[in-house]
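# Structure assessment
If you want the building blocks of each chain, they are given just below.
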Amino acid sequence: MLQRLKDWWSPLHGGPDFENVLPIQIDLSAALLEALVPLSARRMKRIVLPPNVVETKTLPNDAFEPSYDHRTKHLTRDLYGDSWAYWGPRRHHLLTGEPYGWISGYWQVERVKQEIVLPLHNHQALQHYLADDYDIYLNGEGGPNWDTRQHITKRYRGVHNVHLVDSIEQSIERAVGSCSLKVPTDYQVTHHLPVPWLRYLWQPRFDELEGLDAVLYSIVLDARHLLTVSFTITRMLPGHDHHWLPRALDDIDKVMHGTRLTFKALAESHAAPVKQHKRAAASE
């Protein structure tokens, strides 16, 4: 009875079940990916196990699919994904029938665009690549912001007097500025053992918490591929972010702390001196 009352009044339910995790391990040619993926507290789908080996260097283009806007249509191969719903008090979701929202996590290999070759373990080069890519994708010809400018310019110049051209141009710039999607700017190097990742936010329309659409972690896997873990945010009940999103962001950090990428070359270089030392000791 006490447990039922607690469930009834508890302000938040759901999210990742950190007591029950699925261990995954994938050989990615240059590195080994290991992750402890928590199951959903309200699992509604069958678990699909990831592959054991993905030879990234020999994957053809048709093995990839275009990603979403928050990854600028990169060619992407999903390794594993799961989703976690966040529900309000029992009395609340009995009335609404919907959770507050969902967090969907995807572990993905991405092919670097335009035949660019990225150096390993260089976060400045990775950040420069990502910043340029978002800028080209959003603001280049045919991109979302380019389309917005074309639409607004056509509308303003079609209904205003040509003698007010200076005022029109100012109005166009204000309208374009308020409607354009923003490129990510908040890049941070995070130290998830044994190698650091680059963390950034997809927050294209607003500066407030409710504008956040995805949290992303990227690392250069090899010269032509990235490994990206993306956590997308889906709101089922807009206006309730303060009830669940801060907790969800903490959960995202916990999930990433269970993600481990070990580069084979680094592991071998660290192991070599130990082997030499043992041989030297044996000869003595």
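Residues numbered from 1 in each chain as written. Predicted model: local features only at pLDDT ≥ 70, side-chain atom pairs only at ≥ 80, totals over all residues. Heavy atoms only, no water.

### A short note on the sheet that holds strand β2 (residues 16-27)
Here we have three strands laid out as an open sheet, ordered β2-β3-β11, and antiparallel in their pairing. The open sheet terminates on both sides in strands that have one partner only, identified here as β2 and β11 (259-263). Neighbour-to-neighbour, the strand axes of this sheet turn through a mean angle of 15°, independent of strand direction. Across the sheet, helix α6 (residues 241-257) lies against β2, β3 (31-40) and β11, angled at about 40° from β2, the strand it touches most. (Pairing = 2+ DSSP bridges. Helix = DSSP H or I, 4+ residues; strand = E, 2+ residues; numbered from the N terminus. Axes fitted to C-alpha atoms, helices over the stretch in contact; angles between N-to-C directions. Contact = heavy atoms within 4.5 Å.)

### Topic: the confidence of the model for the protein chain
Per-residue confidence for the protein chain gives a mean pLDDT of 84, with 80% of residues at or over 70. Low pLDDT, under 50, characterises residues 274-284; the predicted model gives this stretch zero contacts beyond four residues in sequence or across chains. (pLDDT = per-residue confidence, 0-100.)

### Here's the deal with the pairing of β3
The element β3 is extensively covered by neighbouring structure, given that seven of its 10 residues are classed as buried. Between β2 and the antiparallel strand that follows it, β3, lie three residues; Ser 29 among them carries a positive phi value of about 70°. Bridge count between β3 and β11: five bridges; the pairing is antiparallel. Within β11, the residue paired with Ala 31 across the bridge is Phe 263. (Buried < 20%, exposed > 50% of the residue type's maximum accessible area, 1.4 Å probe, protein only.)

### Some details on the packing of aromatic side chains
Applying the stated criterion across every chain, the model contains seven aromatic pairs. Between the aromatic rings of Tyr 187 and Tyr 200, the centroid separation amounts to 5.2 Å while the plane-to-plane angle is 35°, which identifies the pairing as tilted. Highlighted residues: Tyr 187 in the loop between α5 (165-179) and β7 (188-190) and Tyr 200 in strand β8 (residues 197-202), separated in sequence by 13 residues. With respect to burial, Tyr 187 and Tyr 200 carry one shared label: buried. (Phe/Tyr/Trp six-rings, centres within 6.5 Å; stacked < 30°, edge-to-face > 60°.)

### What about α6?
Taking 1.5 Å as the rise per residue, α6 with 17 residues should run 24 Å; its terminal C-alpha atoms sit 24 Å apart, in good agreement. Here α6 has its buried residues at Asp 241, Trp 244, Leu 245, Ala 248, Leu 249, Asp 251, Ile 252, Val 255 and Met 256. (Expected span 1.5 Å × (residues − 1).)

### Things to note about unusual backbone geometry
Peptide bonds are, in most cases, trans, and in most cases residues other than glycine have a negative phi. The backbone of Lys 73 sits at a positive phi, close to 60°, despite the residue not being glycine. Its relative accessible area of 43% is what places Lys 73 among the partly exposed residues. If you check the backbone angles, Glu 115 has positive phi at about 60° while not being a glycine. By relative accessible area, Glu 115 is classed as exposed at 63%.

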